[in-house]
Amino acid sequence: IPPIIAEKSLYLNLSPLDHRYYLANRELFDELSRYLSEQGNVWYLLRVEEALLLTHLEEAGVLDPDLERAVRKAAEEVTPDEVYEEEAQTQHNIRALVNVYVRHLPEQVRPYVHLGATSVDIMDTLRRSVIGMRCGGWSPTASSRGSAG
């Protein structure tokens, strides 16, 4: 095992994307970070959970504009730091994400969060949606709201 180096070397990055694109093309790196970073991952996972929750609320006949705004606001308030702190306790990335999201939501919608979904469902939807959004196609929010995609 190599010794720990005080100053971070580009060759210690976990992904070649970290230095290959950052050094060669900062604009491309920033664009890829929106989709491939941990922050991007948390953001997109929340979009999937948000879309699932809005669909459940709509199907239950309880979704109104104020509630929809509250659900969307809650997803925007969750930070990757909160999720990772929770994951240290749960040892499960999606459970941690859901636990944190629930804390930000109004009480009356909490029973609908993650309802009927597995962690794999959420992660698979994320992968499909990120590819689709980047290619101008399907997204979980558009799909859940009845938009074509």
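Below, the structure is looked at part by part.

What counts and how
Throughout this document, residue positions are counted from 1 along each chain, in the order its sequence is written. This being a predicted model, a pLDDT of at least 70 is required before a residue's local features are given, and a value of 80 or more before pairs of side-chain atoms are given or counted; all residues contribute to the totals for chains, interfaces and linings. Remark: hydrogens and water are excluded; side-chain values derive from all non-hydrogen atoms of the structure. To qualify as a helix, a DSSP run of H or I must reach at least 4 residues; to qualify as a strand, a run of E must reach at least 2; elements of each kind are numbered from the N terminus. Residue count minus one, scaled by 1.5 Å, sets the expected span of a helix. To obtain each axis, a line is fitted to C-alpha atoms, and for helices this fit is confined to the stretch in contact; angles are then taken between N-to-C directions over 0 to 180 degrees. By convention, the crossing between two helices is left-handed when the near helix turns anticlockwise from the far helix through less than a right angle, and right-handed when the turn is clockwise. Two residues form a contact once any of their heavy atoms are found within 4.5 Å. Ten residues, namely Ala, Val, Leu, Ile, Met, Phe, Trp, Tyr, Cys and Pro, are considered nonpolar, four, namely Asp, Glu, Lys and Arg, are considered charged, and the remaining ones, Gly among them, are considered polar. Nonpolar core, defined: a set of buried Ala, Val, Leu, Ile, Met, Phe, Trp, Tyr and Cys residues in which side-chain atoms within 4.5 Å join the residues together. Accessible area is worked out with a 1.4 Å probe on protein chains only. A residue is then buried under 20% of its type maximum, exposed over 50%, and partly exposed in between.

Focus on helix H3 (residues 38–59)
- For H3, with 22 residues, the first-to-last C-alpha span of 32 Å sits near the 32 Å given by 1.5 Å per residue.
- The first or second residue beyond H3 is Gly61, which carries a positive phi of 75 degrees.

Some thoughts on the packing of H3 against helix H6 (residues 93–104)
- Running from N to C, H3 and H6 cross one another at 65 degrees; their axes reach a closest spacing of 11 Å. Our pair here, H3 against H6, has a crossing hand that is right-handed. Mapping the contact onto sequence places Val42, Leu45, Leu46, Glu49, Glu50 and Leu53 in H3 and Ile94, Leu97, Val98 and Tyr101 in H6.
- Taken together, the residues of the contact of H3 with H6 sort by class into eight nonpolar, no polar and two charged.

Comments concerning the nonpolar core
- In this structure, Leu46, Leu53, Leu57, Val71, Val83, Tyr101 and Leu105 are the most contacted members of the largest nonpolar core, which totals 28 residues.
- Elements supplying a minimum of two residues to this core: H3, helix H4 (65–77), H6 and helix H7 (119–134).
- Among the elements that line this core, the one with the most residues is H3, at eight residues.
- Leaving out residues up to four positions away in the same chain, Leu46 has contacts with Ala75, Val78, Leu97 and Tyr101.

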